[in-house]
Amino acid sequence: MFFILSKVLIILIQPLNWIVGLLIFSLLSKKAKRKKRSLLIATLLLVFFTNHFTFNQFVRWWEPESIRTDQIAEAYDIGILLGGYSNFFVRPNQDRHNFNKAADRFTQTFDLYRQGKIRKILLTGGSGEILGYAVPEAEQMRQLLIRWGVPDSCIIVENESRNTHENAVFTKSILQQKYPGQSCLLITSAFHMPRASRCFDKVGLEYMPFCVDYMSEYTSFRPASILFPNRDCLHRWEVMIKEMVGMAAYWLKGYI
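Reading guide: rules and limits
Residues numbered from 1 in each chain as written. Predicted model: local features only at pLDDT ≥ 70, side-chain atom pairs only at ≥ 80, totals over all residues. Heavy atoms only, no water. Helix = DSSP H or I, 4+ residues; strand = E, 2+ residues; numbered from the N terminus. Buried < 20%, exposed > 50% of the residue type's maximum accessible area, 1.4 Å probe, protein only. Contact = heavy atoms within 4.5 Å. Core = buried A, V, L, I, M, F, W, Y, C linked by side-chain atoms within 4.5 Å. Salt bridge = Lys/Arg side-chain N within 4 Å of Asp/Glu carboxyl O.

The next thing to look at is the environment of T164. Examined against the element boundaries, T164 turns out to sit in helix 7 (residues 164-178). The class for T164 is buried, based on a relative accessible area of 7%. For the pair formed by T164 and F221, sequence separation is 57 residues and the distance between their alpha carbons is 36 Å. Setting aside residues no more than four positions away along its own chain, T164 makes contact with L82, H192, R195, A196, C199 and Y250.

Following this line, the structure appears as structure tokens:
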């Protein structure tokens, strides 16, 4: 039930839906005062959620620092890669793998392996479909890594988890049973690391966080950043609001 609700409620936490809803309400309202107020709130929300400078300051505060690749002096036994970097709806997809905007999670993990910073890659992530069946993301990525020259013996697959909490629980189980005492590097997007690290802390797994896919940028006082709307910020705020709601829900459920 928690998994289904988490998928359905995404519609309610999208800033663009708030703005469109207010505009429709303003259009249909028969009272001039309500019409004017709804239009004003929608305009203010649009200005706020498309302002690059405001978003950048917030995400700079949210995203944690982590070690750099050149600071890894001794290779970690296992790099734990959290899923969520694939787009299964893009066509064509029969002969290729399509990534979404979090592709850095996978590409930088592969780069860590090629540089000898991790000895094995643990892919964690099942199917996120509410209805029907889809080949788990982790299994698809295993096949891609093999095509890219990674030996199957260096790939560990956890393909049952559907969210970050289950990533941690199922990964801990695999490591305890088959790879006890291995040093681990936890790899995920910087915006997602605060929730992910708390989930892995909760199950008692020792690891070193390695953030990738940063959204934060160096502070810029250019007019384009401060004054002009940036359409990409609408999507980025949606990602961040979803993450903050997820953090609160996980706290209430006792996952973190």
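Still more ground to cover, so stick around.
This brings us to the nonpolar core. By size, the foremost hydrophobic cluster in this structure holds 23 residues, and its most contacted members are L123, L145 and L185. For this core, the secondary-structure elements that each account for two or more residues are strand 1 (76-82), helix 5 (104-114), strand 2 (118-124), helix 6 (137-147), strand 4 (184-189) and strand 5 (208-212). Other than its neighbours up to four places away in sequence, L145 contacts F106, F110, I121, L123, V150 and I155. I80, L82, F200 and L205 belong to the second-largest nonpolar core, a separate cluster that totals 20 residues.

Right, let's talk about unusual backbone geometry for a bit. Along the chain, R91 connects to P92 via a cis peptide bond; the corresponding omega equals -10°. Mapping P92 onto the fold places it in the loop between strand 1 and helix 5. Unlike most non-glycine residues, D213 shows phi in positive territory, near 55°. In this structure, D213 sits in the loop between strand 5 and helix 9 (223-226).

Overall, the coordinates contain seven salt bridges when judged by the stated rule. Residue R68 is joined to D70 by a salt bridge in which the shortest nitrogen-to-oxygen separation is 3.0 Å. Several salt bridges converge on common partners, so that one network encompasses E139, R142 and D152.

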